[in-house]
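# Fold and geometry: a report
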Amino acid sequence: MNEPTVEVHLAPQQLDENLRVDARLGLTAIPKWLPPKWFYDAKGSELFEEITRLPEYYPTRTERELLRVSAAHIAEATSAQILVELGSGSSEKTRLLLGALAEHGTLERYVPQDVSEAALTSAAHQLAREFPTLAVHGIVSDFTDTLHNLPRGGRRMIAFLGGTLGNLVPEERAEFLASVAEVLEEGEQLLLGVGLVTDPAVLVPAYDDAAGVTARFNLNVLSVLNERLGADFDLDLFRHVAVWDERNEWIEMRVEAVEPMAVHVPALGLDVTFAAGEQMRTEISAKFRVEGICKELAAAGFGSDRVWTDPLERFALILADRV
C-alpha cells in the first residue's frame with residue numbers, strides 16, 4: 001500500500017484569522033450574513049452527513065446515482081492520471097469515480113482537498129487501503145485559494161461535486177471557474193456536480209426537513225462563533241429559515257432572531273444587536289439550468305460539455321474540457 005501524504009496550506013491560526021475576518025464583515029453588514037464554510041466543525045460535519053441520508057434531501061443520492069451510471073464513461077472520456085477533488089469531505093461518492101478510473105487503468109494519483117486536516121487524513125488513509133496501488137496526496141486548504149498548489153505532470157481532472165458551486169454568488173462563480181480554467185492545460189477536464197432548478201415544493205423541504213436536522217445544522221454555525229470567538233449567541237433565541245428566491249433561483253438559509261437581543265463577540269471586541277424577526281443569511285444554494293451553467297463554463301474557458309442528468313432532472317454532472 002502506498003502511504004498517503006497530507007500537505008497543509010491552512011494552519012489553524014490562519015483558519016482562526018479567516019473566521020475573525022469573515023465574522024466581522026458579516027456581523028456588521030446590512031443585512032447580516034455568514035459564509036457557509038463555517039458550518040463544518042466536527043458537529044456540523046456530522047449533522048451534514050445525517051442530512052444527506054434524510055428522505056427530503058435528494059441531491060446526494062441523486063448525484064451518487066449519476067456517478068454510478070456515468071463513471072465508466074467519464075473514465076473513458078478523460079483517461080485521467082490525476083484526479084483532484086475540491087471540497088472532498090469523506091470522498092464517499094468519489095469512490096465510484098476512483099473505481100472506474102482504476103479499472104480503466106490510467107489513474108495514478110488522487111488529490112483530495114478539504115479545510116479539515118483531521119477529516120482529510122482519515123479519508124486519505126481509508127482510500128489508500130481501498131486502492132493500494134493509488135498514490136493519495138491530500139491538501140489542507142480553502143478551495144477558493146488552493147488551485148496554485150495543485151500537482152502537475154499528468155492528465156488531470158478536477159472534480160467539484162455536491163452542488164458546492166451553488167454556494168457562490170454569480171460574481172464569485174465566474175472568478176472561481178476562470179481560476180480553475182487558468183490552472184488546467186488544454187484538454188484537461190473539470191467534472192462539476194450542480195443542482196438544477198426544480199419544483200420549490202421539492203427544493204425547500206430538502207433544506208427544511210421535517211425532523212429538524214437542517215435546522216440544527218444551520219443554528220450550529222452560531223455555536224461555532226460561541227466556541228471559537230467567545231460569542232454568547234443563545235441558540236434557543238433563533239430559528240431556522242429556508243426560502244426559495246425565485247428571481248435569483250437559489251435557496252437561502254437564514255437564522256432569525258425571535259426577540260430583540262445584543263450579542264457580545266469578545267474576540268472581535270464587538271457587540272451585535274438583532275431586532276425581533278431580523279434574519280442573518282448563512283448560505284445560498286443556487287440551482288442551475290443546464291444551458292445557463294454551460295454558458296458560464298464557456299465564459300470561463302471550457303467547452304465540449306458532456307452532461308448527465310437524472311430522470312427527474314433535479315441534478316446534473318457536467319464534464320467540461322479546457323479549451
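Let me sum up the structure you'll find in this document. Per chain, residues are indexed from 1 in the order of the written sequence. Thresholds applied to this predicted model are a pLDDT of at least 70 for local features of residues and 80 or more for the giving and counting of side-chain atom pairs; totals over whole chains, interfaces and linings are not thresholded and use all residues. Hydrogens and water are ignored here; the side-chain numbers use all heavy atoms of the structure.

### Brief notes about the overall build of the protein
Here a strand is any run of E in DSSP of at least two residues, a helix any run of H or I of at least four, and the numbering for each starts at the N terminus. In terms of regular secondary structure, the protein is built from nine helices and 13 strands. Its C-alpha radius of gyration of 20 Å places the protein within 12% of the 20 Å reference for a compact globule of 323 residues. Overall size of the protein, expressed as C-alpha extent along the three principal axes, is 60 × 40 × 35 Å. Relative accessibility thresholds used throughout: buried, under 20% of the residue-type maximum; exposed, over 50%; partly exposed, between the two (1.4 Å probe, protein chains only). Expressed as a percentage of its 323 residues, the buried residues of the protein come to 54%. Any two residues whose heavy atoms approach within 4.5 Å at even a single point are treated as in contact. For the protein, long-range pairs separated by at least 24 residues make up 72% of all intrachain contacts whose partners lie at least 6 apart in sequence. Residue exposure ignores everything except the shown protein chains as possible cover, and the areas themselves are Shrake-Rupley values with a 1.4 Å probe. Here the protein displays about 14200 Å² of accessible surface, and carbon together with sulfur accounts for 50% of that area. The charge count treats Lys and Arg as positive and Asp and Glu as negative. His and the chain ends do not count. By convention, the charge on Lys lies at NZ, on Arg at CZ, on Asp at CG and on Glu at CD. With 29 positive and 51 negative side-chain charges, the protein shows a spacing of 2 Å between the two charge centroids. What the globule rule says is 2.2 Å times the number of residues to the power 0.38, and the radius of gyration is computed from C-alpha atoms.

### A short note on the packing of helix H2 (residues 42-51) against helix H8 (residues 213-229)
Note on geometry: axes are lines fitted to C-alpha atoms, helical ones only across the stretch in contact, with angles between N-to-C directions running from 0 to 180 degrees. The interhelical angle for the contact between H2 and H8, taken along N-to-C directions, is 155°, at an axis separation of 9 Å. On the basis of the axis angle, H2 is roughly antiparallel to H8. Here the hand of the crossing between H2 and H8 comes out left-handed. On H8, the residues touching Lys43, Gly44, Leu47, Phe48, Glu50 and Ile51 of H2 are Val213, Thr214, Arg216, Phe217 and Asn220. Among the residues forming the contact of H2 with H8, the class breakdown is five nonpolar, three polar and three charged. The scheme is simple: roughly parallel for angles under 35 degrees, roughly antiparallel for over 145, roughly perpendicular for 65 to 115, oblique for anything else. In a left-handed crossing the near helix is turned counterclockwise from the far helix by less than a right angle, and in a right-handed crossing that turn is clockwise. The residue classification treats Ala, Val, Leu, Ile, Met, Phe, Trp, Tyr, Cys and Pro as nonpolar and Asp, Glu, Lys and Arg as charged. All others, Gly included, are polar.

### Quick notes on the pattern of salt bridges
The working definition used for a salt bridge is a side-chain nitrogen of Lys or Arg within 4 Å of a carboxyl oxygen of Asp or Glu. For the coordinates displayed, the defined rule picks out 19 salt bridges. Arg216 is the partner of Glu50 in a salt bridge, and the nearest nitrogen-oxygen pair spans 3.7 Å. One end of the pair, Glu50, is in helix H2; the other, Arg216, is in helix H8, with 166 residues separating them in the sequence. With a relative accessible area of 42%, Arg216 lands in the partly exposed category. Lys295 is paired through a salt bridge with Glu291; the nearest N and O atoms lie 3.6 Å apart.

### Details of the packing of helix H1 (residues 12-27) against H8
Viewed as axis vectors pointing N to C, H1 and H8 meet at an angle of 125°, and their least axial separation amounts to 11 Å. In terms of orientation, H1 and H8 fall into the oblique class. For the crossing formed where H1 meets H8, the hand is left-handed. Where H1 abuts H8, its residues Leu15, Asp16, Leu19, Arg20, Ala23 and Leu27 lie against Val224, Leu225, Arg228 and Leu229. Grouping the amino acids of the contact of H1 with H8 by side-chain chemistry returns seven nonpolar, no polar and three charged.

### Re the packing of aromatic side chains
Only centres within 6.5 Å qualify two rings of Phe, Tyr or Trp (six-membered ring in Trp) as a pair; their planes then separate them into stacked at under 30 degrees, edge-to-face at over 60, and tilted for everything else. Inspection of the entire model under this criterion finds eleven aromatic pairs. Aromatic side chains Phe48 and Tyr57 sit 6.2 Å apart centroid to centroid with 80° between the ring planes, which places their arrangement in the edge-to-face category. By relative accessible area, which is 22% here, Phe48 ends up partly exposed. Relative to Tyr207, the ring of Tyr57 has its centre 6.0 Å away and its plane inclined at 75°; by these criteria the two rings are edge-to-face. Taken together, the residues span a long stretch of sequence, with Tyr57 in the loop between H2 and helix H3 (58-78) and Tyr207 in the loop between helix H7 (200-206) and H8 at a distance of 150 residues. A residue is classified by how much of its surface remains accessible, and Tyr57, at 7% relative accessible area, is buried. Pairwise contacts between aromatic rings join Phe39, Tyr40, Phe48, Tyr57, Tyr207 and Phe217 into one cluster. Lysine NZ or arginine CZ positioned within 6 Å of the ring centre and within 35 degrees of the ring normal marks a charge as sitting over the ring. Sitting over the ring of Phe274, Lys32 keeps its end group 4.7 Å from the ring centre. The ring of Tyr58 carries Arg314 above its face, with NZ or CZ at 5.4 Å from the centroid.

### Description of the sheet that holds strand E7 (residues 238-245)
Two strands form a pair only when DSSP identifies at least two bridges running between them. With respect to topology, three strands assemble into an open sheet ordered E7-E8-E11, the strand pairing being antiparallel. With partners counted over all chains shown, the strands left at the sheet margins are E7 and strand E11 (279-286), one partner each. Averaged over all adjacent pairs, the angle separating strand axes in this sheet is 20°, with direction ignored. On top of the sheet, H8 reaches E7, strand E8 (250-257) and E11; it is set at about 115° to E7, its chief contact.

### Some remarks on the sheet that holds strand E12 (residues 302-309)
As summarised here, the arrangement of the eight strands in space is E1-E4-E3-E2-E5-E6-E13-E12, forming an open sheet in which the pairing is mixed. On the outer flanks of this sheet lie strand E1 (5-8) and E12, each paired with one strand and no other. Put simply, the sheet's adjacent strands are angled 20° from each other on average, direction ignored. Relative to strand E13 (residues 315-322), strand E6 (residues 189-195) runs antiparallel, the two being bridged by seven bridges. Paired with Val194 across the two strands is Ala316, which belongs to E13. Across the sheet, helix H4 (residues 94-104) is in contact with strand E2 (82-85), strand E3 (109-114), strand E5 (156-160) and E6; its angle to E2 comes to roughly 175°. Here helix H9 (residues 290-300) sits on the sheet and contacts E6, E12 and E13; the angle it forms with E12, its principal contact strand, is near 155°.

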